[in-house]
Every structure is written in C-alpha cells, then in structure tokens.
Amino acid sequence: MPSPLLILFRALAAALFHECLTSHAMSLELREIHKHFGPVRANDGITLTVEAGTLHGLLGENGAGKSTLMKVLSGFHSADSGEIVLDGKRIELASPDDAIAAGIGMLHQDPLVFLPFTVIDNFVLGSPGSWLLDRRQATDELAGLCERYGFNFDPDIPARLLTVGERQQLEIIRLLWLGARVLILDEPTTGISADQRAKLFATLKALAAEGMSVIFVSHKLEEVADLCQRVTVMTRGKVVGDAELPTPPERLVEMMFGQVLDTHERDDVPLGDSNLKFDSVRTASGLLSEEPISLDVKSGEVVGIAGMEGSGQDTFLRLCCGMRTPTKGTVSIAGNDLTDQHYREFLDAEVKFLPAGRLEEGLIEGLTVTEHFVLTDRDTNFVIDWDAARKRSEHLVDQYSIKGTEASTAESLSGGNQQRLLLAMLPAKLKVLLMEHPTRGLDIESADWVWEQLLARREDGTSIVFASADLDELLRYSDRILVFFSGRIIGELEAAATNVDEIGLLIGGRKAGAEGIPT
Amino acid sequence: MSGFLNAFGQMFDTATIASIVAGASALMFATMGETISEKAGVINLSVDGSMMLAALAGFVVAFETDIVWLGFPAAAAVGVAVALLIAFANIKLSLNQVAVGFVLFALTTELSRFMGNSYVGRPPVAVPAWDIPGLSSIPFFGPVLFQHNLIVYLSYMTVIATYLFMYRTRKGLELQGIGERPEAAHARGILVNKLRYFYTALGGALIGIGGAAFSLDVKLGWSDRPTRNLGWIVLAIVIFGGWHPLRAAIGVLLFGALQAYAINLIPEFPSLSQVLPSIPFPAMILALVVVNWKALLKWLDRYPFLRAILRSDPPTAIGTPFEVD
Ligand SMILES: Nc1ncnc2c1ncn2[C@@H]1O[C@H](COP(=O)(O)OP(=O)(O)OP(=O)(O)O)[C@@H](O)[C@H]1O
Ligand SMILES: [Mg+2]
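Note that this is a predicted model, so its numbers are computed, not measured. Chains are numbered independently. Their residues run from 1 in the order of the written sequence. As they are written, the chains are lettered A onward and the ligands numbered 1 onward, keeping that order. Owing to the predicted nature of the model, reporting of local features is limited to residues with pLDDT of at least 70; listing and counting of side-chain atom pairs is limited to 80 or more, with chain, interface and lining totals taken over all residues. Only hydrogens and water are removed before side-chain values are computed, so all heavy atoms of the structure are retained for them.

Peer 1: Mind laying out helix α7 (residues 194-209) of chain A, listing which residues take part and the relevant values?
Peer 2: All names here are of chain A. The way it works is that DSSP assigns letters per residue, a run of H or I at least four long becomes a helix, a run of E at least two long becomes a strand, and they are numbered from the N terminus. The span one expects for a helix is its residue count, reduced by one, times 1.5 Å. Taking 1.5 Å per residue, 16 residues should reach 22 Å; α7 reaches 23 Å between its end C-alpha atoms and fits that length. Summary of the burial criterion: residues with accessible area below 20% of their type's maximum are buried, those above 50% are exposed, and those between are partly exposed, where the area comes from a 1.4 Å probe applied to protein chains only. Gln 196, Leu 200, Phe 201, Thr 203, Leu 204, Leu 207 and Ala 208 are the residues of α7 that are buried. Seen from one end, α7 has its buried residues packed into an arc of 165°, which puts them on one side. Facing away from the buried side of α7, by more than 90 degrees, are the exposed residues Asp 195 and Ala 209. On its buried face, α7 is in contact with β3 (55-60), α5 (135-149), α6 (164-177), β7 (182-186), β8 (213-217) and α8 (221-227). Of the residues one or two after α7, Gly 211 is the one with positive phi, at around 110°. The arc in question is traced by the directions running from the helix axis to the C-beta atoms. In this analysis, two residues are considered to be in contact whenever any of their non-hydrogen atoms come within 4.5 Å of each other.

If you want it as structure tokens, here you go:
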C-alpha cells in the first residue's frame, strides 16, 4: 500500500513530465516554398527559419505574399513545392487538419469565425472528440482558458455580437486549446482598439515565454519592433532580408521598398468658408442621442475622428452625408441646409463617403475596374461608350498606379490596390470627403501615397473628415481631432497641441484636465 | 361564414389529425432531405422532379418484385443520383446550382412521364399498416401517432433524428459550418467538398424516400405526374422553416392541415370544388410573407424566445461553390 505522499509525488512527477512534453517549444523551417495563383507568383522560393519560443515578425508591402505563405504553413493552401520542417522533421501538410495536428495554428487576417453561431459552437467546431457535443464541458474549458488569459466571453451569444478584437481572442484561445505550439497571426492589429492591442501583445509575450513560437504579420514597424525578436522582410514573393531586433526602422523600410521613403510633411493650407455645418444635431435614440452636436468644418480642413469602435463614429459620418437623418438640428453643406435630404442630394452637393468595408460597401465583386468607373460616372447617356470608358480607365489605372489592368475584377486586386481604385473613383471636385479607416491594411508606402493624394485635394477647398484607429495617423494628418466615447463627443482637440497619451485617455472615457470639452 | 367554421371545426377530429400526420410522410422526408442539403450549402432545386422519378422507381420496383420495401432503396438511389449530379456540377464544374437543379427538375419530370406511361393505372402496392403495440391504445395520441405504418413512424423519427444530429452532435455542427462559411470550416480541417457531396447525397436519398412514400403510402399507385408541385412546396417549407428541422416539420403539418381544410370546405362550397384544392399553395406563400414580415419581426424583437423560433437566416454560403488552390 503506497503512502499518500508517494501517490502525490508520482502524480506531480507525471504532471511535470507531461508539461515538459506538451510545452516543448518547436523550431520551424520553411525551405524553398513556391506557390502561384495563375500567373501570379505569390511565393517564389521562400526560405525562413523561426526559432523555438520566439516572436518572429513578418513584414512586406501589400501583395508581397505574406498571407499566402502563412496559409501554406497552416495547411490552408497547399504549396506547389518546398518543404516544411518542424523540429528537424519534415512534415506534409495536405490540409489544415495536418497543420493543427502538428501544432500549427493560424489566426487569419479576417478572423474565420461563424458569425451566426454562438461563441461556444465556434469554440468547439472542428475540434476532435466524441460524437455527441458536450457543450457544458466545453463551456467550462473555455471559461478556464479565459481566466488564464484574462479574456471574457458570454458563451451563448452569437459571434456576430463580438468585436473584431474579441473574435481574434476567441480564435487564439481555440487554437491554444487545440494544442497549437506555433501560432500565426496575420495582421491581427488592423481592426482592433488600442486597448485590445495592448492586451493581445501581453498575451503573445506570455505565450512566447511559455515556449510558444509566434509569427506576427504586420505593416506597422513599431508593433514589430515592440513585440518581436527577429523579423523577416518579403517583397514580391521573395525574402529580401532578415534582421535581429532592435533594428533601426529606416533599415526595415529600405529592405521593404528598396529605398528610404521620405515621408511627406503636411503643409498648412489656409482654411476657407464653412463646408460642413452641424447645428445642435442629435438622433432619436441610441448613439448620438444624448448631447446635441454642433460643429463647423471649414474648407481645406482635415478633421480626424478617434474612439473605440462603435462609439458613434459611424453614425456621425452617416449623418454627415445623408445616409442617416437627424431627428433634431440641421446639417448644412456649404451654407445650404440639406437636413432631411438623401445621400443623392449630398452627392450633388459634392459630398462623398468612403465606408470602411472596401469590398462590402465600396466596390462590387465581379465587376472590372472599367465597370466601376462607368458606374460612378454620373453620365446620363443610355448607351455606354465602352471604348471611351476603357481609355479613361487605362489612364486612371496608370495615374493611380493600380497594380492590375482595366479588366481586373475588384476582388482580384490586393487590399492596397482596392483602396487606390476607390480613390481613383472619387469625383474630381469635392466639398466634403468622409472616410472610415482610409489606410487600414495598407503598407507604409501606399498609406503615404494615399495621404499625399488626399491632402492635395485641400488646395481645391475640399474638407476631409476621417475616422481611424491609428492615433499616429490622426495626429499626423488632422487639424482637429474629435474623440467619441459611448455615443457622444467627449473631446475636441487641436492636433498640433495634443499627443497620443491624451487622446488615448479620452478614448477610454477619461478626461485629461478640463480643456477641449465641447460646449 | 358558417361554412368556414363548420369545416374548421372538423379539423379537430382525431381522425382528421391522424390523417394529416399520415399524409405528411412524403413531404416530411423530402423536407428534411432538402434542409440537410441546403444547410451544407447546396440547393437541390430538382426536388419536384427527383421526387416524381423516385416515386415512379419506388412503385415500379415494388410492383415488379411484389416486395413493397424494395421500392424505398430504389427510390433513394434515384434521389442520390440526381443530387450527386448537382453536387458534381457545382463543385467540380463550378456550374450554377439553381440552373443545374432546374434542368434536372425538367429532365426527371419528363423522364417519369415517359417511363411511367405503361404503369398508369396498375394495381397499387401499399406499405402495410402496423399499429405500435401498447402505444397505439393511448387515447388521442394512439390514433394520431401510433396507428399508421412503419414509413409514417420513420418520417417523424427522421425529423427528430435530423434535429438531434444537427444541433447535438459534432458532425452536425460541422454540417452547419460548411454551409455557413466554408473557408472557416476548411481552416478548421473540415473536408468541405467531400462533406458537401455526402450531405447532398444524403438529402437526395431522403427526397427519394419521400417520393416512394408518396407512391407506396400517401397516394397509391402511378398516374401522370402524381407528386406534381409538392417539390416546390418542399422548397418553400424549408425557407418557412428557417432551415431548422423542427420548424420545417411544423410547416409540413401546417401545409397538410391547409389541404385537409380545403377538402373539408368542398362540401360547404361545392361550386368552388375546382379551386379549393389549390388554396394551400398561395396560403403557404402568405405564411412565408408573414413570418418574414419586417414589422412582425421587429415587434418580436421584444420577445427573444419567440424571435429565436422565428428567426430564419439562410446558411450564408448557400449556393456558392467552395474552392481553395
Ligand atoms: N486566392 C487567390 N487567388 C488569386 N490570387 C491570389 C489569391 N490569394 C492571393 N493572391 C495574389 O497573390 C499575391 C500575394 O497575396 P497575399 O494575400 O499573400 O499578399 P499579402 O502580402 O498578404 O498582402 P496584404 O498586405 O495586402 O495582405 C497578390 O498578388 C494577390 O493578388
Ligand atoms: Mg495579407
């Protein structure tokens, strides 16, 4: 009869042994990976090593092939050729199943959750186990993981009610639950708030300390520098460099774009007359119903909008362009009262709105670049002159350096080029341009280029109002910043006289000092 | 007015209710089949034709072999064959499901007329009645549920099984996943297209069994296009049912009740005897309009429980092929 102490000792030893086995860090090697889509060589002989227990950054311009490489590594796509070596052993990844079994898990650029399904169903879907679903046990396990990583979910609500950041968190703990030892994150910071980002980074650092290998894909150099130990840079399907961090950011930019980019400093443009005016505007219920908004945007002015997602920015922008009508107050464009008019009348008054969802709301899947230009043309001829349209389209493709042709369909363009197409579709003359996340997901060069185009419009007296989650972008390009918090404007700041910390506090609902509060 | 009420009163006879349950078997099978197929993302638009050809196959095999049960696997095979054609055309050839389904509807309908010609008016073969011992003597529930035949019992057990499978098992959740967001299912290691073939075939088998249930149980024997239009009603009921097996089953019973009501009305309004049997079809469309009526749904938003029952979002990826390179 063994003593209870011995039993305890044995159990402990077994647990420790088990722990050693499962948390064993994995080193990863990709050798000569090739992957093409039709004529496009998305990955053209990529070799990459990720050391065990490290955070590894992956940088590259739009369309460089980062997502493709990560999808190959997670079994989503199968490579044309090349080897994947895990802990010195070559593995075959015929499907994502093989990758998960090998301990490789991927968080996709757009988190692949099932929106109408509940959180718990999303959690268990695809997991191995008995025929019958034991949702109660899964709920317990989810709760355990949530506690460990400091997340919080209601297991019974549909995933569509989660924010993008929460969907990511759900995916990450699901992958950990499935036993992922290599975690791939494809641009995880594009759609989430600063708070959620801080939480994500803390989690990733903790995971790496436990022996997890993390591959982190991003466009933001500061994030990579903040988080990773090593970084690999890709351009046009090839690896162009590798560096130990910290490395000066200029070197990384040079690797990515082959040159040091000179960022365009914005020069001031004299402000003119009022272009967009809100007089005590409010909605009946929900967001923006508590405090009336009064606001005056001058021609040539750039107004940035900050705030956590869903704090009322969407409603505000839609009020600006007639997609929503206020219940009280007046909205005027260049002195004309357009309060109860529709978007069409606002368009006629030279107001244009570029929504966040490029493919959902801005572009039409299946239509070519030329067809998009024809659609935006407010030409009244019944018959389309296709020859002229094609000529004009070719010219615009050239002028806006869209990587593609006039016959490319919208969805075949990479994210950055979709954004260029949207800009090319803007009417030449505009009074007010409203935008949501104008550079989300764009590489630095593209983002810089986009802003150069936008700021140039100020010369013609265009006012720009844009919402962004990127505080640096807000500070750099705005004259004035409005901060939204839970359905109202909590602060109005001069961009030149404020900083990231002050805006950050306001976004979280805390007022720093008493200045800058709208009357 | 009193005519409507008289006919309505008769609806509550035990015998009427029992006949609605018995008569629903064919639609029950086919509706479950279509629900499963659409949940997986594949619309089988050929139901009306597949059911017809399956009804013929079931009858012919049962008639020639004189073994009624052999009619069912034969009918299921026809349903599977048509369903696999749709799946193949969509998955491998990237053809439009609706177009292929419609062509197959026309083809199978004509095929059933042509091949069934010599069987018109042949003596029927019927599934033998079999009361479930014990259960059948319960008052009311006995006659309504347990005094039919094996096919009727199987029809409502299929509903329960479909429900339990979809919502209580791992495989069932995967089935919903491949119709909702195939790339997400793929990323979780689920073999999307293989399962789409499987569930379309399974759905086709049930549609086929529905056809055989019609010619061997509901309306015996073969005539010209006997199941005419039932397939379209199946498609409507799947939508009415919000792609939920239990709600769809209620839809089937509702349709059966409407049919019974229309028949009860005939003696009251003999002059309308030509029109009344077709009333259930527009009535079904009206029901569809009502359950999807925005104002009603908005009002129901205040009652989450009721709203959950009535919510009907189609599987998001329904009708779209899935490809990864
Ligand atoms: N499924 C696909 N079919 C056809 N072409 C594709 C597909 N996926 C990617 N591509 C092409 O492959 C190239 C690399 O794309 P990828 O998505 O890997 O780029 P990325 O580096 O992730 O860019 P981004 O920063 O914009 O996300 C692009 O030219 C893109 O158009
Ligand atoms: Mg990408």
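Additional details are given in the paragraphs that follow.
Peer 1: Let's hear about the pattern of salt bridges: which residues, and what values?
Peer 2: All names here are of chain A. Within this document, salt bridges are pairs made up of a side-chain nitrogen of Lys or Arg and a carboxyl oxygen of Asp or Glu, the two lying within 4 Å of each other. Evaluated as defined, the whole model comprises 29 salt bridges over all chains. When the shortest N-O distance is used, the salt bridge between Glu 210 and Arg 148 registers 3.1 Å. Of the two residues, Glu 210 sits in the loop between α7 and β8 while Arg 148 sits in helix α5, which places them 62 residues apart along the sequence. With its nearest N and O atoms 3.7 Å apart, the salt bridge here joins Arg 476 to Asp 448. With Arg 476 in helix α17 (residues 471-477) and Asp 448 in helix α16 (residues 444-456), the pair connects residues that are 28 residues apart, well separated along the chain. Three or more residues joined by partner-sharing salt bridges are found here, namely Glu 29, Arg 31, Glu 83, Arg 90 and Glu 92.

Peer 1: Could you give an account of the coordination of the magnesium ion (ligand 2), naming the residues involved and the relevant values?
Peer 2: Those donors, Ser67(A) (OG) and Gln109(A) (OE1), are the protein atoms that reach the magnesium ion (ligand 2), and they lie 2.0 to 2.5 Å from it. Of this pair, Ser67(A) sits in helix α2 (residues 66-73) while Gln109(A) sits in the loop between β6 (104-107) and α4 (119-124), and the two are 42 residues apart along the sequence. Donor atoms: N, O and S within 2.8 Å of the metal, or within 3.2 Å for Na, K and Ca. Because water is excluded, sites can look incomplete.

Peer 1: Can you lay out the packing of aromatic side chains for me, pointing to particular residues and giving the numbers?
Peer 2: Two rings from Phe, Tyr or Trp (for Trp, the six-membered ring) form a pair when their centres are within 6.5 Å of each other. A pair whose planes differ by under 30 degrees is stacked, one over 60 is edge-to-face, and the rest are tilted. Taken as a whole, this structure holds 26 aromatic pairs over all chains when the rule is applied. On the basis of an interplanar angle of 70° and a centroid distance of 5.5 Å, the ring pair of Phe255(B) and Phe281(B) is categorised as edge-to-face. Of the two residues, Phe255(B) is situated in helix α13 (residues 245-265) and Phe281(B) in helix α14 (residues 280-291); the sequence distance between them amounts to 26 residues. Given the relative accessible area of 0%, Phe255(B) is considered buried. According to the relative accessible area criterion, Phe281(B) is partly exposed, its value standing at 25%. Pairwise contacts between aromatic rings join Trp131(A), Phe165(B), Phe198(B) and Tyr199(B) into one cluster. By definition, being over a ring means that NZ of Lys or CZ of Arg is both within 6 Å of the ring centre and within 35 degrees of the ring normal. The lysine or arginine in question, Lys71(A), covers the ring of Phe76(A), its NZ or CZ lying 5.5 Å from the ring centre. Positioned over the ring face of Tyr119(B) is Arg122(B), at 5.5 Å from the centre of the ring.

Peer 1: Residue-level account of the sheet that holds strand β19 (residues 480-485) of chain A, with values.
Peer 2: All names here are of chain A. Taken in spatial order, the six strands line up as β16-β17-β18-β13-β19-β20 in an open sheet, and their pairing is mixed. The sheet is open, and its two edges are formed by β16 (351-354) and β20 (488-494), each paired on a single side. Strand-to-strand twist across the sheet, computed as the mean angle between neighbouring axes with direction ignored, equals 15°. Here β19 runs beside β20; their pairing, made up of six bridges, is antiparallel. Counted as the bridge partner of Phe 485 is Arg 488 from β20. At least two DSSP bridges between two strands are needed for those strands to be called paired. Only C-alpha atoms enter the line fits that serve as axes; for helices the fit covers just the stretch in contact. Angles between N-to-C directions range over 0 to 180 degrees.

Peer 1: Lay out the packing of helix α5 (residues 71-91) of chain B against helix α11 (residues 192-218) of chain B with the relevant residues and their values.
Peer 2: Residues and elements named next belong to chain B. Two numbers describe how α5 lies on α11: the axes approach to 6 Å, and their chain directions differ by 145°. Classified by chirality, the crossing of α11 by α5 is right-handed. The segment α5 lies against α11, with Gly 71, Phe 72, Ala 75, Ala 76, Gly 79, Val 80, Ala 83, Leu 84, Ala 87, Phe 88 and Ile 91 engaging Asn 193, Arg 196, Tyr 197, Thr 200, Ala 201, Gly 204, Ala 205, Gly 208, Ile 209, Ala 212, Ala 213 and Leu 216. Its residues assigned to classes, the contact of α5 with α11 shows 16 nonpolar, six polar and one charged. Handedness of each helix crossing follows the sense of rotation of the near helix against the far helix: counterclockwise by less than a right angle gives left-handed, clockwise gives right-handed. The classification used treats Ala, Val, Leu, Ile, Met, Phe, Trp, Tyr, Cys and Pro as nonpolar, Asp, Glu, Lys and Arg as charged, and all other residues, Gly among them, as polar.

Peer 1: Quick rundown of the pairing of strand β11 (residues 274-282) of chain A? Include the residues and the values.
Peer 2: Residues and elements named next belong to chain A. Pairing geometry for β11 and strand β12 (residues 293-298), over five bridges, is antiparallel. The partner of Phe 278 across the bridge, within β12, is Leu 295. Summarising the sheet, β11 and strand β14 (residues 328-333) pair through five bridges and their orientation is antiparallel. Directly across from Asp 279, in β14, lies its bridge partner Thr 330.

Peer 1: Could you give me a rundown of the side chain of Asn43(A), with the residues and numbers involved?
Peer 2: Residue and element names in this part refer to chain A. Summarising the element assignment, Asn 43 is placed in strand β2 (residues 40-50). Residue classification places Asn 43 among the buried positions, given a relative accessible area of 1%. Counting of polar contacts relies on pairs of N or O atoms within 3.5 Å, with two restrictions inside protein: one atom must be capable of donating a hydrogen and the other of accepting it, and residues adjacent in sequence are counted only when both atoms are side-chain atoms. Within the structure, Asn 43 has its side chain in polar contact with the backbone oxygen of Gly 65 (distance 3.0 Å). Within the structure, the side chain of Asn 43 is placed 3.2 Å from the backbone nitrogen of Leu 69, a separation counted as a polar contact. Other than its neighbours up to four places away in sequence, Asn 43 contacts Ile 33, His 34, Lys 35, Gly 65, Thr 68, Leu 69, Val 72, Met 234 and Gly 237.

Peer 1: Give me the lowdown on the interface of chain A and chain B, citing residues and values where you can.
Peer 2: Between chain A and chain B, the residue contacts involve 33 residues of the former and 24 residues of the latter. Contact between chain A and chain B buries roughly 2,500 Å² in total, counting both sides, with carbon and sulfur atoms accounting for 58%. Buried area is understood as the total, over both parts, of accessible area removed when two parts are fitted together, assessed with a 1.4 Å probe. On the chain A side of the contact with chain B, Phe76(A), Phe114(A) and Trp131(A) bury the most area, a combined 24% of that side's loss. At the junction of chain A and chain B, the tally comes to one salt bridge. Notably, a salt bridge pairs Arg188(B) with Glu171(A), separated by 2.9 Å at the nearest N-O pair. Between chain A and chain B we count 13 residue pairs in polar contact (both at pLDDT 80 or more) in total. For the side of chain A that touches chain B, the elements supplying multiple residues, two or more each, are β1 (28-37), α3 (96-102), α4 and α6 of chain A.

Peer 1: Can you lay out the nonpolar core for me, pointing to particular residues and giving the numbers?
Peer 2: Among the buried residues, those of types Ala, Val, Leu, Ile, Met, Phe, Trp, Tyr and Cys that are joined through side-chain atoms within 4.5 Å form a nonpolar core. In terms of nonpolar packing, the biggest core is built from 122 residues, with Leu142(A), Phe153(A), Leu183(A), Leu204(A) and Leu216(B) touching the most fellow members. Broken down by element, this core gets its largest block of residues, eleven residues, from helix α4 (residues 47-65) of chain B. The residues touching Phe153(A), leaving out its near neighbours within four places in the chain, are Val119(A), Leu142(A), Cys146(A), Leu162(A), Glu166(A), Gln169(A), Leu170(A) and Ile173(A). With 42 residues, the next largest nonpolar core counts Ala306(A), Val369(A), Leu426(A) and Tyr477(A) among its residues.

Peer 1: Run through the site of ligand 1, naming residues and quoting values.
Peer 2: Residues and elements named next belong to chain A. Residues in close proximity to ligand 1 total 15 residues, the closest being Gly 63, Gly 65, Lys 66, Ser 67 and Thr 68. Note that an oxygen atom of ligand 1 is positioned 3.2 Å from one of the side-chain N or O atoms of Gln 109. For the accessible areas, the method is Shrake-Rupley and the probe is 1.4 Å, while residue cover comes only from the protein chains on display. Protein chains shield 72% of the accessible area of ligand 1, which is 630 Å² for the free molecule. Among the secondary structure elements, those contributing two or more residues to the shell around ligand 1 are β2 and α2. Among the elements that make up the shell around ligand 1, the one with the highest residue count is α2 (three residues). Taken together, the residues that form the shell around ligand 1 break down as four nonpolar, eight polar and three charged. If even one non-hydrogen atom of a residue comes within 4 Å of a molecule or strand, that residue is called near it.

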